[in-house]
Amino acid sequence: MCGIIGIISRNNQNIVPNIIDSLEKLEYRGYDSAGIAVINNNGKILRERAVGKLNNLKNKISLNPINGTIGIGHTRWATHGKPTEENAHPMMSTNIALVHNGIIENYEQIKNNLIAQGYKFTSQTDTEAVVLYLQSEIDKGVSPREAFRNMLQIVEGTYAFVAIFDLMPNILFCAKNKSPMAIGFGQNMCVGSDASSISGSCDEIVYLDDGDYAEISKDNVEFFNLDFYSIQKEKIKVTDDLVNCGKGNYEHYMFKEIMEQPSAIRKTIQANTISFNFFDDISRILILACGTSYHAGMVARYWFERYLNIPTNVEIASEYRYRSPIIEDNTLLIAITQSGETIDTLEAIEYIKEHNHTCKVLAIANVKNSAISRVADFVFYTEAGIEIGVASTKAFTSQLTVLAMLAFCKHQYLLDNLRNLPTICEGVLCLEDKIYNLAQNIQNAMSVIYLGRDNLYPIALEGALKLKEISYIHAEGFAAGEMKHGPIALINDEMPVLCLCPSGRMFSKMFSNIQVAQARGQNIVVFTDDKGALLFDCNTVVLPDICEELAPILYSIPLQLLAYRVTVLRGEDVDKPRNLAKSVTVE
């Protein structure tokens, strides 16, 4: 969560516009509040903060401009303390301003010690305890460098810190532990939560590892490990996809990203190769993921067991390690994550590595050189490009594409069908008018039910998640066969029931479930194909014919479009839904 940025001008220009530009690229990580702090030409720290989205901060700065050649910025997803100006970052004391992404687990102990020394707190954040600890060190006569290093030795938890001190006004101090951070080299020296936020003014980047600490000046960066020994880090060239991540002519990022899916799937297929013998020594598969990625894993379980004949479990990463799970030898762990930084999945991987040294880790991620890709034994990248919209679309279908390539590695006819999928997906994107009409019917609903069977059950869950996370309509996905065990009580004439029912081996079963729903409600919508549409006397959305094993990828796209259109009709913010952020880096 939270987006952090630090910039030093290399030509003594005001960097406030650069910080604002970077915060705009980071706002998908949190938009409860935002703030900037700079050191001006007189060596004084100036700060401006605002509650709500970044435009509020921009308006304040336009009325009360601040200038500086070194500064930090933050866009917040609230953890400790409500979204108020007092709780907004940067946190500041007499000599220091600091931004933080993460959670400090022992902040109460640090805070109580500081209160006993007479220090006053003005916020409810854990971060303020860090700032006032640094101030207490400065007050003892300790240098900023030693104060920052002392702080790193006492804090416990997850963090990415960037700090400025008026006593050393030419240095950005930064460090990370289980929260992402990248340092950029170019016309400015930058540090940010992700590479895209600093790519506009940087030619090369360095990803920090857990325990790394760095001091950035306009001419150099010094890197240190956890013991503060100097280390070298590899620079990576900034690629075009990091720079070219705007909305183009689209009104919203989400719509742009939905429309990019055929291209993303095609690129993902072209970029990955799986050996026929990849799974020969594997006796069990364990999939760990959260949210939308978890739904991708659920689909993959059907594929792996059916076509690889390997027992497969799918676990919610945030819950996995708390139940003392048994990890068998010859297990392949597949970690699925869009950002590659998901803290719950990282922690689960660490648990497995500690308890079974034979377990190999395969990562599926959309961000190269991300934390999870660096700890994995094998990495397959989705080639979706940067996804800014909080509700995942092209990253999800690209994840499914990689999982399909893995599951079908011994079945050439399925791989051949997969290669044709991008063209078929283009046909689904032509259903915009039909989806818009359906959205008009749903926009005022209080609740919506999604039904699916077999490998489309997870897509029912995903469709419901998409609708509720951006439109705020309550929605639930169910296995259609379970409807009679409880959910059928919810169905009436006002309740929209969206059913996923392509032709195939589950058609007759699903058809019967839909008949039961129709007997109890009039607002039934069936997503099917030409053959299936002939048998229904209710509202249908007719999709192109597709190999039934690939239906989960195809059928997820109209559900994304539907959630998008409903949200636009309701006047909600599609790309920045309330209370949510794109990358979950706190537990």
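So, how was this worked out
- Residues numbered from 1 in each chain as written.
- Predicted model: local features only at pLDDT ≥ 70, side-chain atom pairs only at ≥ 80, totals over all residues.
- Heavy atoms only, no water.
- Helix = DSSP H or I, 4+ residues; strand = E, 2+ residues; numbered from the N terminus.
- Buried < 20%, exposed > 50% of the residue type's maximum accessible area, 1.4 Å probe, protein only.
- Lys, Arg positive; Asp, Glu negative; His and termini not counted.
- Salt bridge = Lys/Arg side-chain N within 4 Å of Asp/Glu carboxyl O.
- Contact = heavy atoms within 4.5 Å.
- Pairing = 2+ DSSP bridges.
- Axes fitted to C-alpha atoms, helices over the stretch in contact; angles between N-to-C directions.
- Phe/Tyr/Trp six-rings, centres within 6.5 Å; stacked < 30°, edge-to-face > 60°.
- Lys NZ or Arg CZ within 6 Å of the ring centre and 35° of its normal.
- Arc of directions from axis to C-beta.
- Core = buried A, V, L, I, M, F, W, Y, C linked by side-chain atoms within 4.5 Å.
- Parallel < 35°, antiparallel > 145°, perpendicular 65-115°, else oblique.
- Left-handed = near helix turned anticlockwise from the far one by under 90°.
- Nonpolar A, V, L, I, M, F, W, Y, C, P; charged D, E, K, R; others polar.

*Asks:* So what about the side chain of Asp126? Which residues, and what values?
*Replies:* Mapping Asp126 onto the fold places it in the loop between helix H3 (107-116) and helix H4 (127-139). The side chain of Asp126 sits in the buried core without any salt bridge; Arg76 is the nearest counter-charge, 6.3 Å away. Once you skip the residues sitting within four places of it in the chain, Asp126 turns out to touch His80, His100, Gly102, Ile103, Ile104 and Tyr107.

*Asks:* Break down the sheet that holds strand E5 (residues 91-92) for me, with residues and values.
*Replies:* Sheet architecture is open: seven strands sit in the order E5-E6-E7-E8-E12-E13-E14, paired in antiparallel fashion. At either margin of the open sheet sits one strand with a lone partner, and together these are E5 and strand E14 (230-231). Across four bridges, strand E8 (residues 168-177) lies against strand E12 (residues 213-216) in antiparallel orientation. Counted as the bridge partner of Leu172 is Ile216 from E12. Contacts from H4 reach E5, strand E6 (96-104) and strand E7 (157-165) within the one sheet, and its direction differs from that of E6 by about 135°.

*Asks:* Tell me about the packing of aromatic side chains, and please be specific about residues and values.
*Replies:* Per the counting criterion, the structure on display carries 18 aromatic pairs. On the basis of an interplanar angle of 50° and a centroid distance of 6.0 Å, the ring pair of Phe279 and Phe304 is categorised as tilted. One end of the pair, Phe279, is in the loop between helix H9 (261-271) and strand E16 (284-289); the other, Phe304, is in helix H10 (residues 291-307), and 25 residues separate them in sequence. On the accessibility criterion, Phe279 (3% relative accessible area) is buried. Here Lys368 stacks its cationic end above the ring of Tyr381, 4.9 Å away from the centre of that ring. Sitting over the ring of Tyr472, Arg578 keeps its end group 3.8 Å from the ring centre.

*Asks:* Which residues make up H9, and what are the values?
*Replies:* For the α-helix, the turn length of 3.6 residues means that residues three or four positions removed from each other point alike. Among the residues making up H9, those that are buried are Gln261, Pro262, Ala264, Ile265, Thr268 and Ile269. With its buried residues spanning 165° around the axis, H9 presents them on a single face. For H9, the secondary structure elements touched by its buried residues are helix H8 (253-259), strand E20 (378-381), helix H14 (394-407), helix H15 (412-428) and helix H20 (551-569).

*Asks:* Any details on the sheet that holds strand E22 (residues 474-479)? Residues and values, ideally.
*Replies:* In spatial order, the strands read E22-E21-E23-E24-E25; together these five strands make up an open sheet with parallel pairing. The open sheet terminates on both sides in strands that have one partner only, identified here as E22 and strand E25 (539-542). For this sheet, the mean angle separating the axes of adjacent strands, direction not counted, is 20°. As defined by bridge partners, strand E21 (residues 447-452) adjoins strand E23 (residues 497-500) across three bridges and the pair is classed as parallel. When the sheet's bridge partners are listed, Tyr450 is paired in E23 with Leu498.

*Asks:* Please give an account of unusual backbone geometry that cites residues and values.
*Replies:* Residue His89 is joined to Pro90 through a cis peptide bond whose omega torsion reads 0°. Here Pro90 shows up in the loop between strand E4 (70-76) and E5. Backbone geometry places Lys178, a non-glycine residue, at a positive phi of 65°. Counting through the fold element by element, Lys178 comes out in the loop between E8 and strand E9 (182-186).

*Asks:* Talk me through the environment of Ile96; I want residue IDs and the actual numbers.
*Replies:* Summarising the element assignment, Ile96 is placed in strand E6. Here the alpha-carbon distance between Ile96 and Leu132, two residues 36 residues apart in the chain, equals 8.7 Å. Not counting chain neighbours up to four residues away, the residues in contact with Ile96 comprise Ile45, Met91, Val131, Leu134, Gln135, Ile138, Ile164 and Phe165.

*Asks:* Run through the nonpolar core, naming residues and quoting values.
*Replies:* The nonpolar side chains of soluble globular proteins are, as a tendency, buried together. Judged by nonpolar contacts, the single largest core of 84 residues is most densely connected at Phe279, Phe304, Ile334, Tyr450 and Phe527. Residue contributions to this core peak at eleven residues, all from H20. What Ile334 contacts, discounting residues up to four positions off in sequence, is Ile285, Leu286, Ile287, Leu288, Phe304, Leu362, Ile364 and Leu403.

*Asks:* Describe the packing of helix H16 (residues 432-442) against H20, listing the residues and the values that go with them.
*Replies:* One way to put it is that H16 packs onto H20 with a least axis distance of 8 Å and a crossing angle of 55°. Judged by the inter-axis angle, H16 sits oblique to H20. Judged by the sense of rotation from one axis to the other, the crossing of H16 with H20 is right-handed. Contact residues: H16 offers Glu432, Ile435, Tyr436, Leu438, Ala439, Gln440 and Ile442, while H20 offers Pro558, Leu561, Leu562, Arg565, Val566 and Leu569. Tallied by class, residues from the contact of H16 with H20 come to ten nonpolar, one polar and two charged.

*Asks:* Which residues make up H3, and what are the values?
*Replies:* For H3, every residue scored as buried is listed here: Tyr107, Ile110 and Leu114. In a view along the axis of H3, the buried residues occupy a sector of 65°, so they form one face of it. The exposed set on the far side of H3, more than 90 degrees from its buried face, consists of Glu108, Gln109 and Ala116. Where H3 ends, the next residue or the one after it, Gly118, has phi of about 100°, a positive value.

*Asks:* Talk me through the pairing of strand E13 (residues 221-224); I want residue IDs and the actual numbers.
*Replies:* Sheet topology places E12 next to E13; four bridges connect them, and they run antiparallel. By the bridge assignment for E13, Ala214 is matched with Phe223. Looking at chain direction, E13 and E14 are connected through two bridges and run antiparallel. If you follow Phe223 over to E14, its bridge partner there is Ile231. Linking two consecutive strands that pair antiparallel, namely E13 and E14, is a turn of five residues; a positive phi of about 65° is found at Phe228 within it.

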